[in-house]
Amino acid sequence: MNNNAKLFVISAPSGCGKGTILAEVFKNRDVYYSVSCTTRKPREGEIDGVHYHFIKNDQFEKMAQNNEFLEYAGYADHYYGTPLETVKGNLEQGRDVVLEIETKGAFQVKKAMPEAVLMFILPPSIKEIDRRLHKRGTEEESVIQKRLSEAVGEIKQADKYDYVIMNDELEKAVEDFNIVFNSAKAEDDKADKFKSDREETKKLIGEVLENA
Ligand code: 5GP
């Protein structure tokens with residue numbers, strides 16, 4: 001059995017363009033991309049069991065009580081959680097696992113599994129997220145405002161992640177993401193410039209938050 005399997009936890013504020021980056025990065029990799037449970041309603045085009053397991057509040061609460069989640073959190077008035085069994089099963093079989101979750105959940109995972117690799121994708125600015133959320137047009141204004149406020153709170157915590165990359169330009173973001181992923185797998189120092197404890201990273205986070 002390959003016991004080198006790693007758990008990658010990726011966070012990026014809503015409207016940050018992470019879907020496009022992640023689709024590109026993971027299209028040729030054999031990873032298990034965890035499907036979360038959520039109590040929010042599906043958006044147009046989202047498929048139950050593929051994008052999320054869309055479940056009711058009482059079902060979610062029952063699963064939480066039964067410790068069926070690796071982590072779970074509230075976000076913009078809904079619950080989101082990572083089913084524990086499938087994550088555990090895949091790691092045990094030697095397959096890397098990717099969770100794409102928000103910050104509260106990411107810190108729960110790090111606490112439970114300190115060897116997990118936490119990666120944060122920064123948007124170029126809060127204004128850009130605002131623009132993308134409005135352009136996407138899938139949420140009402142009040143929900144957009146909640147998501148923007150969640151985004152600011154999340155970006156403030158980016159420096160607690162292991163690695164931080166910027167999604168300013170898609171091609172560059174994909175390249176940087178691949179460097180971090182490969183380096184974390186190989187456990188070498190090739191991604192050190194993306195480490196969150198560096199002054200450059202802190203400066204970058206500060207710049208993104210400006211005008212928030
Ligand atoms: P959305 O509603 O836009 O799909 O997701 C909202 C936020 O919830 C995103 O930041 C997304 O990464 C996060 N999220 C998705 N699944 C999970 C999960 O299982 N646990 C946690 N904690 N957050 C999640």
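Residues numbered from 1 in each chain as written. Predicted model: local features only at pLDDT ≥ 70, side-chain atom pairs only at ≥ 80, totals over all residues. Heavy atoms only, no water.

A.B. asks: Just checking my understanding: could you explain the pattern of salt bridges for this structure?
C.D. replies: Pairs can form between side chains of opposite charge once their charged atoms are near each other. In this structure the tally under the stated criterion is 21 salt bridges. For the salt bridge of Glu-46 with Arg-40, the shortest nitrogen-to-oxygen distance reads 2.8 Å. (Salt bridge = Lys/Arg side-chain N within 4 Å of Asp/Glu carboxyl O.)

A.B. asks: Would you explain the sheet that holds strand β1 (residues 7-11) in this entry?
C.D. replies: By definition, the strands of a sheet pair up through backbone hydrogen bonds, in either a parallel or an antiparallel sense. Read from one edge of the open sheet, five strands run β2-β7-β1-β8-β9, paired in parallel fashion. If you trace the sheet from one side to the other, it starts and ends with β2 (31-33) and β9 (163-166), each paired once. Between one strand axis and the next, the sheet turns by 25 degrees as a mean value, whatever way the strands run. By the bridge criterion, three bridges tie β2 to strand β7 (residues 96-100) in an arrangement that is parallel. Counterpart to Tyr-33 in the pairing with β7 is Val-98. In the packing of helix α3 (residues 84-92) onto the sheet, the strands contacted are β1, β2 and β7, and the crossing angle to β7 comes to about 150 degrees. (Pairing = 2+ DSSP bridges. Helix = DSSP H or I, 4+ residues; strand = E, 2+ residues; numbered from the N terminus. Axes fitted to C-alpha atoms, helices over the stretch in contact; angles between N-to-C directions. Contact = heavy atoms within 4.5 Å.)

A.B. asks: Any chance you could explain the nonpolar core here in plain terms?
C.D. replies: General note: in soluble globular proteins, nonpolar side chains tend to be found buried as a group. Leu-7, Val-9, Leu-99, Val-109, Leu-122 and Ile-155 are the most contacted members of the largest nonpolar core, which has 32 residues in total. Residue contributions to this core peak at five residues, all from helix α6 (residues 141-155). Leaving out residues up to four positions away in the same chain, Val-109 has contacts with Leu-7, Val-9, Leu-70, Glu-71, Leu-99, Ile-101 and Ala-116. Residues Val-98, Phe-181, Ala-184 and Phe-194 belong to the second largest nonpolar core, which totals 23 residues. (Core = buried A, V, L, I, M, F, W, Y, C linked by side-chain atoms within 4.5 Å. Buried < 20%, exposed > 50% of the residue type's maximum accessible area, 1.4 Å probe, protein only.)

A.B. asks: Honestly, the side chain of Asp-96 in this entry has me stumped. Any pointers?
C.D. replies: Within the secondary structure, Asp-96 sits in strand β7. The class for Asp-96 is buried, based on a relative accessible area of 8%. At 2.7 Å, the side chain of Asp-96 and the backbone nitrogen of Lys-6 are in polar contact. Dropping the residues within four chain positions of it, Asp-96 is found in contact with Asn-4, Ala-5, Lys-6, Phe-8, Asp-30, Val-31, Tyr-32, Phe-181 and Lys-185. (Polar contact = N/O pair within 3.5 Å; in protein donor to acceptor, adjacent residues only side chain to side chain.)

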